[in-house]
Every structure is written in structure tokens, then in C-alpha cells.
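Chain by chain, the residues run as shown.
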Amino acid sequence: MAQASSLDAAHPRFMNPPFPNTGVKTKSTVPALKVALVQMSVGFDKKKNIQVAVNAIYEAKKNGAQLVALPECFNSPYGTKYFDEYSERVPAGETCAALSKAAADTGMCVVGGTMPEKCDSRLYNTCTVWDPKGTMIASHRKAHLFDIDIPGKITFRESESLSAGNKITTFSYCGVKIGIGICYDIRFVEMATLMAKEGCSFLIYPAAFNMTTGPKHWELLGRARANDLQLYVALVSPARDPKADYVAWGHTMLIDPWAKVEASLDEKPGLLYGTIDTKVVQDVRSQIPIRMQRRTDMYETVNKTKS
């Protein structure tokens, strides 16, 4: 089951812990992971953005989460004209230092949404992942840049300032293999397929869909990836700010391997809690065994970064 609670940028407020401690310890050979997804307001004050994210990490820990995920561009306004100003070296900058400390203090895995990363003369939209000791164990640079033109609706070109990453990113935590994509990456099923082939039971997409594509494709794409690959999908958005240059759709959600939306938020700041139960993944994959039924004599998806 997944649950949601409200989050105010200045004074976080939460419901009762969604993972109650019954006092009974049980043993299981099938991993389950308690996760929290943070939908937060993002403004022009970088230090405030970082502090809001850190506060949410600590609150997620209080409510029993083992892993917490932040949204896309959580420390920066979303827009090509802002990326250079808010960018940092990874893992040397103040944002990484704050995430590392929060992960170590809470003993949780922190999936650090995304931030603008400066590397030599290039900028990337980068997700960092921190283990419970505060060590960066993975990073993913957005592989597919958001260059679209919908006449009369929205025109946006990330390639005006960003460079694209070139790798598939997965990591393991508490016995669960997890894959990372960023926003527009979700539209490319081949990338998600490769993460599933590498053993992932859970895909996390920090993302900021807009008011044109959000209503049309946000839930659709999340459920499609979950259904096609028989795994959990988390879509983690910033909260909506109608006054922003780029207005995010919001609606952070967790989708199960049956492609059911377990829980979702609206457009306001909040925290969503849920459990990644790998037994459910195993059940779905055994009942509808598409992995064994693929016609690899006809088609195949190959990770060329490993060749």
C-alpha cells in the first residue's frame, strides 16, 4: 500500500507514519523496500531549495522510509537560462555535500532528484544516489534531452545549454535492483528495457512534465513502463508553481507491476510513501511470463555502452 502526506516548504506537516511498527519481526527471503517520494516547491533561492529537500529527507526517515527520492531540478528553477548559474561539480558542490550528510545522518539511501552538473565546459542534468554512509554510489546524466515544439503550447530545447549522458544507470539497495531515468528518458522504452534486463524491479524517474504533456502522458507513460516491464515505477515531480517560467504538472505517483497507480499526489507539495515488494514483481512475471516468450530470434535490445 502507498500513502501520501502534505509538505509545506516552510513548515513540513505529515500524517502518521505510513509504515507502522508492530513490534513483530518476521523473516523473509523476498526483499521489500519502504520508499518516500518528495514533491517539493522549488524557487530561486538555492540554499532554501536544498534545505527544503533536506528537511523532507529527515521527515521521510521519521516516517519509516528506507529510500527517499527527490524531484527533477530540486535545487534550481527549471529552465535553460538557469542551469549554468545553479550548476555544481559532482560530487564536490554544496548540494552534493548536503545530500551526503542527510543520507549519512538518516542511514537512508537518497536518490537526489536532479541538479545541473558542471563538468569541464559542459552542463548535464544529473541524478546522484547516496548510500546510508553518505557515499555516492551512482549518478545518471539525462540521456535524452527535452527538445520539443508543440505549436501554440510549448517549445523547449534543453540542448541549448545541456549535453546528453550516455549510459544506463542501475544500482542495488536492500536487495532491490533499481534503475534511474530522468524525465524525457521515460519516453524511450529501449532504455527501460535494458534496465529491466539488468535485473531491475523498480525504476525511478525524477521528472518535470509540463501542463501540456503532463495531463496527456505522465500517468500513461509510467503505467506503460510498469506494464511492459512488469516492475514498479516512481514518477517524482516538483510541486506546481503557476508563476514559474516552466510550470510543472506535479502528480508524483507510484505504480505497481500490474500497472496500477498505487497512490499519487495532486499538484501541491507533499510526500508519497509506498513499499516496493519484489514478491509482487515475481508473481506478475511468473503469471504472465513474457520474458521467456520474447522472440529473440527476431529482435533484441542491446546495451551498446557495454560492448
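Residues numbered from 1 in each chain as written. Predicted model: local features only at pLDDT ≥ 70, side-chain atom pairs only at ≥ 80, totals over all residues. Heavy atoms only, no water.

- An unreviewed UniProt entry annotates the protein as omega-amidase originating from Arctia plantaginis.

## Some details on the pattern of salt bridges
Oppositely charged side chains are able to pair whenever their charged atoms sit close together.
Consideration 1: Per the stated rule, a full pass over the model turns up 19 salt bridges.
Consideration 2: Taking the shortest distance from any N to any O, the salt bridge between Lys 101 and Asp 105 comes out at 2.7 Å. Taken together, the residues Lys 101 and Asp 105, both in helix H3 (residues 94-106) and four residues apart, mark about one turn of the helix.
Consideration 3: Lys 101 gets classed as exposed once you look at its relative accessible area, which sits at 52%.
Consideration 4: Accessibility expressed as a relative area gives 44% for Asp 105, which makes it partly exposed.
Consideration 5: Between Asp 228 and Arg 225 there is a salt bridge, and its shortest N-O distance comes to 3.7 Å. Separated by three residues within a single helix, Asp 228 and Arg 225 lie in helix H5 (residues 213-229), roughly one turn from each other.
Consideration 6: Among the charged side chains, a salt-bridge network with shared partners connects Lys 46, Lys 47, Glu 88 and Glu 94. (Salt bridge = Lys/Arg side-chain N within 4 Å of Asp/Glu carboxyl O. Helix = DSSP H or I, 4+ residues; strand = E, 2+ residues; numbered from the N terminus. Buried < 20%, exposed > 50% of the residue type's maximum accessible area, 1.4 Å probe, protein only.)

## Some words on the side chain of Arg 285
Consideration 1: Looking at the element boundaries, Arg 285 is found in helix H6 (residues 278-287).
Consideration 2: The side chain of Arg 285 sits in the buried core without any salt bridge; Asp 283 is the nearest counter-charge, 11 Å away.
Consideration 3: Polar contacts involving the side chain of Arg 285 include one to the main-chain carbonyl oxygen of Gln 230, which spans 3.0 Å.
Consideration 4: Each residue touching Arg 285, except ones within four places of it in the same chain, is listed here: Cys 200, Ser 201, Leu 229, Gln 230, Leu 231 and Arg 291. (Lys, Arg positive; Asp, Glu negative; His and termini not counted. Polar contact = N/O pair within 3.5 Å; in protein donor to acceptor, adjacent residues only side chain to side chain. Contact = heavy atoms within 4.5 Å.)

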